[in-house]
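Breakdown of the fold
Here are the chains, one letter per residue:
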Amino acid sequence: MSNEAAVLLADILPTSYEVGVLNGRVRPGDTVVIVGAGPIGLAAVVTARLFSPAHIVVIDKAENRLQAAKMFGADTTVLAGTDDPLSAVRSLTADLGADVVIEAVGTPQTFELCTALVRPGGRVANVGVHGKPATLHLEDLWIRNLTITTGLVDTYSTPKLLDMLVAGQLDLGHMVTHRFGLGEFMRAYDVFADPARSGALKVVLAG
């Protein structure tokens, strides 16, 4: 296993797998929607595919990240601000909504979008770290029998993910887009802070 794969195993992979895919109880034949195509969202695409969902839909506002989502296995992408996510998901699901929606951004708007995209009886798995309050619209949600989960990664899945990486079951080869030496910290942070311009997904510093 490469050092870069090991770095991802220590960070985004168990987070997406445990807090997103496992908490969301992704099952074969599900329609899975992932809101946010940053590294966490992309790792959720990779690990959701382990459970053979019927569709994986990724929503993001950056076209380059949506292209990355397709490369990692998304079936459908939706450009937020241009396309209507609700119409796109309903057209795939006979107007019912997604079985599982994974929130991978951490804003009030994206959380509330997730609760609008999920079908009755569905699951919303919140992975994003929220710095502001989000409204829980119980006036709409109380009758829909939803399950909403959130939490911090425990990394109990790391040994299993390690085995899958070594066996070649998880392809993370395109996740690291930029590499810098240890003396280039500030440049690396600048690149990572402006992904719309730089196209950065994960940035690795190594000696």
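You'll find the structure just up there.
These notes cover the structure that comes with them. None of these values were measured; they are calculated from a predicted model.

**With respect to the overall build of the chain**
Scanning the chain for helices and strands turns up ten helices and eight strands. The C-alpha radius of gyration computed for the chain amounts to 17 Å, which stays within 12% of the reference 17 Å derived for 207 residues, consistent with globular compactness. Residues counted as buried form 46% of the 207 residues belonging to the chain. In the chain, the share of contacts with a sequence separation of at least 24, taken over all contacts with a separation of at least 6, comes to 64%. Total accessible area on the chain stands at roughly 10300 Å², and carbon and sulfur atoms take up 55% of it.

**Brief notes about the sheet that holds strand β5 (residues 118-126)**
Taken together, six strands build an open sheet; the order of strands is β3-β2-β1-β4-β5-β6 and the sheet is parallel. One side of each edge strand has no neighbouring strand; the edge strands of this open sheet are β3 (76-79) and β6 (147-150). Going across the sheet, the axis of each strand differs from the next one's by a mean of 15 degrees, ignoring polarity. Pairing of β5 with β6, which is carried by four bridges, proceeds in the parallel orientation.

**Here's the deal with the environment of leucine 141**
Mapping leucine 141 onto the fold places it in helix α7 (residues 138-141). Taking the relative accessible area as the measure of exposure, leucine 141 reaches 8% and is therefore buried. In this structure, the C-alpha to C-alpha distance between leucine 141 and tyrosine 17, residues 124 residues apart in sequence, is 26 Å. Contacts of leucine 141, omitting those with residues within four sequence positions, involve Thr115, Leu136 and Leu146.

**Notes on a nonpolar patch on the surface**
A contiguous nonpolar surface patch, about 470 Å² in accessible area, is contributed by Leu182, Phe185, Met186 and Tyr189. Relative to the helices and strands, tyrosine 189 is located in helix α9 (residues 185-193).

**Structural notes on the packing of helix α2 (residues 12-22) against helix α3 (residues 39-48)**
Orientation of α2 relative to α3, taken along the N-to-C sense of each, is 70 degrees, at an axis distance of 8 Å. Classed by the angle they form, the pair α2 and α3 counts as roughly perpendicular. In this structure, α2 meets α3 at a crossing whose hand is right-handed. The segment α2 lies against α3, with Ile12, Leu13, Thr15, Ser16, Tyr17 and Val21 engaging Pro39, Ile40, Ala43, Ala44, Thr47 and Ala48. Among the residues forming the contact of α2 with α3, the class breakdown is nine nonpolar, three polar and no charged.

**Section: the packing of aromatic side chains**
Ring pairs (aromatic) are described by centroid distance and by the angle formed between their planes. Enumeration over the complete set of coordinates arrives at two aromatic pairs. Both rings, one in tyrosine 17 and one in phenylalanine 51, keep their centres 6.4 Å apart while their planes meet at 25 degrees; by these two values the pair is stacked. One end of the pair, tyrosine 17, is in helix α2; the other, phenylalanine 51, is in the loop between α3 and β2 (55-60), with 34 residues separating them in the sequence.

**Let's talk about the nonpolar core**
Leu13, Ile34, Leu42, Val58, Ile102 and Met175 are the most contacted members of the largest nonpolar core, which has 36 residues in total. Of all the secondary-structure elements, those providing two or more residues to this core are α1 (3-9), α2, β1 (31-35), α3, β2, α4 (63-72), β4 (98-103) and α8 (158-166). Considering every element that reaches this core, the biggest residue donor is α3, with six residues. Ile59, Val78, Val89 and Val101 belong to the second largest nonpolar core, which has twelve residues in total.

**Re the pairing of β1**
With five of five residues buried, β1 is to be regarded as a mostly interior element. The alternating pattern of β1 places Thr31, Val33 and Val35 on one face and Val32 and Ile34 on the opposite face, and all of these are buried. The pairing of β1 with β2 spans five bridges and is classified as parallel. Bridge assignment links threonine 31 to a residue of β2, and that residue is histidine 55. Following the backbone out of β1, through α3 and into the adjacent parallel β2, one traces a crossover that is right-handed. As judged from the four bridges shared by β1 and β4, these two strands associate in the parallel manner.

Conventions and cut-offs
Residues numbered from 1 in each chain as written. Predicted model: local features only at pLDDT ≥ 70, side-chain atom pairs only at ≥ 80, totals over all residues. Heavy atoms only, no water. Helix = DSSP H or I, 4+ residues; strand = E, 2+ residues; numbered from the N terminus. Rg over C-alpha atoms; globule rule 2.2 N^0.38 Å. Buried < 20%, exposed > 50% of the residue type's maximum accessible area, 1.4 Å probe, protein only. Contact = heavy atoms within 4.5 Å. Areas by Shrake-Rupley, 256 points an atom, 1.4 Å probe, with all protein chains shown as cover. Pairing = 2+ DSSP bridges. Axes fitted to C-alpha atoms, helices over the stretch in contact; angles between N-to-C directions. Patch = residues over 30% accessible without salt bridge, like charges linked within 9 Å, V, L, I, M, F, W, Y side chains within 5 Å. Salt bridge = Lys/Arg side-chain N within 4 Å of Asp/Glu carboxyl O. Parallel < 35°, antiparallel > 145°, perpendicular 65-115°, else oblique. Left-handed = near helix turned anticlockwise from the far one by under 90°. Nonpolar A, V, L, I, M, F, W, Y, C, P; charged D, E, K, R; others polar. Phe/Tyr/Trp six-rings, centres within 6.5 Å; stacked < 30°, edge-to-face > 60°. Core = buried A, V, L, I, M, F, W, Y, C linked by side-chain atoms within 4.5 Å. Right-handed = clockwise from strand over helix to strand, strands pointing away.

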